Amino acid sequence: RCRGWKALRYAAARPEHCDIWIAWFMFSELVRILRGGIRPTSFEQLCIEACLKNLPEQIKDIANTQLAQYNLIQREIDGRALNFYKVARFNQIVEPSNLLPIKSKDCVLLKIEVETDTKESVNVTLHATGYRVFCIQFSRSVSNLKSTKEIAVKKITQSWRDVI
């Protein structure tokens, strides 16, 4: 099933289906906007990828699966966190199919310190709530870093060791 930009690429390759796919893309974007959803900036996406890369294998696969299932991302008003949800029809929150194998229902999975290409340092924390990846939190607002194309991980605190 194609969503978002994939639908547009599909439509471009098959002009006979173009009207249907453009209509679907516009509808899915409208639903995302009405739910208060956002698209992560390049910096936020790099931080999510860095967090996932530094998780242990037993958690990494499940976390990747959960993030792939989420269809709604909301940014907190202060710009310091992204929350992930899997939403069904009528705005009902649905649990992901695979849950994390952790002891605690609410915990910090990982803390990293990243440095941008402009030498700015930001602390990033990946949280799990209800046995699912729920939130990525930043030490400060990252709205000014949205065009960042490169980050370097400077420090890793593997908080998951306490909860597995």
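Keep in mind it's a predicted model, so treat the numbers as computed, not measured.

Scoring rules and cut-offs
Residues numbered from 1 in each chain as written. Predicted model: local features only at pLDDT ≥ 70, side-chain atom pairs only at ≥ 80, totals over all residues. Heavy atoms only, no water. Helix = DSSP H or I, 4+ residues; strand = E, 2+ residues; numbered from the N terminus. Buried < 20%, exposed > 50% of the residue type's maximum accessible area, 1.4 Å probe, protein only. Contact = heavy atoms within 4.5 Å. Pairing = 2+ DSSP bridges. Axes fitted to C-alpha atoms, helices over the stretch in contact; angles between N-to-C directions. Core = buried A, V, L, I, M, F, W, Y, C linked by side-chain atoms within 4.5 Å. Expected span 1.5 Å × (residues − 1).

For the rest of this paragraph, the subject is the overall build of the protein chain. If you tally the helices and strands in the protein chain, you get four helices and six strands. Starting at the N terminus, the α and β elements of the protein chain follow one another as α-α-α-α-β-β-β-β-β-β. In the protein chain, which comprises 164 residues, the proportion classed as buried is 40%. The contacts of the protein chain with a sequence gap of at least 6 include a subset with a gap of at least 24, amounting to 64%.

Below, the discussion takes up the sheet that holds strand β1 (residues 72–75). Strands belonging to one sheet form pairs held by backbone hydrogen bonds; the direction of such a pair is parallel or antiparallel. Spatially, six strands are ordered β1-β2-β5-β4-β3-β6 in an open sheet, and the strand pairing comes out antiparallel. Edge positions in the open sheet fall to β1 and β6 (151–157), since each of these has one partner strand only. Ignoring strand direction, the axes of neighbouring strands in this sheet form an average angle of 25 degrees. Alignment of β1 against strand β2 (residues 81–85), held across four bridges, turns out to be antiparallel. Following the sheet pairing, Leu72 is matched in β2 by Tyr85. Running over the sheet, helix α3 (residues 42–53) touches β1, β2, β3 (106–116), β4 (121–129), β5 (132–138) and β6 and is turned about 120 degrees from β3.

So, on to the nonpolar core. Leu55, Phe84, Leu109, Val124, Val133 and Ile136 are the most contacted members of the largest nonpolar core, which has 34 residues in total. Mapped by element, the contributors of at least two residues to this core are α3, α4 (57–69), β2, β3, β4 and β5. Sorting elements by how many residues they give to this core places α3 first, with six residues. Beyond its immediate stretch of four places on either side in the chain, Ile136 contacts Cys47, Ile48, Cys51, Arg80, Ala81, Leu82, Phe84, Val124, Thr125 and Leu126. The next biggest cluster of nonpolar side chains, apart from the first, holds six residues, and it includes Ala81, Tyr85, Val87 and Cys135.

Compared with the 16 Å implied by 1.5 Å per residue over 12 residues, the 16 Å span of α3 between its first and last C-alpha is a close match. For α3, the set of buried residues is Phe43, Glu44, Cys47, Ile48, Ala50, Cys51 and Leu52.

In the Ramachandran plot, Lys119 falls in the positive-phi region, its phi being about 70 degrees despite a non-glycine side chain. By the secondary structure assignment, Lys119 is in the loop between β3 and β4. On the basis of relative accessibility, which here comes to 62%, the residue Lys119 falls in the exposed class. Positive phi, normally seen in glycine, also occurs at Tyr131, with a value near 65 degrees. Note on placement: Tyr131 falls in the loop between β4 and β5. The exposure class assigned to Tyr131 is partly exposed, which follows from its relative accessible area of 28%.

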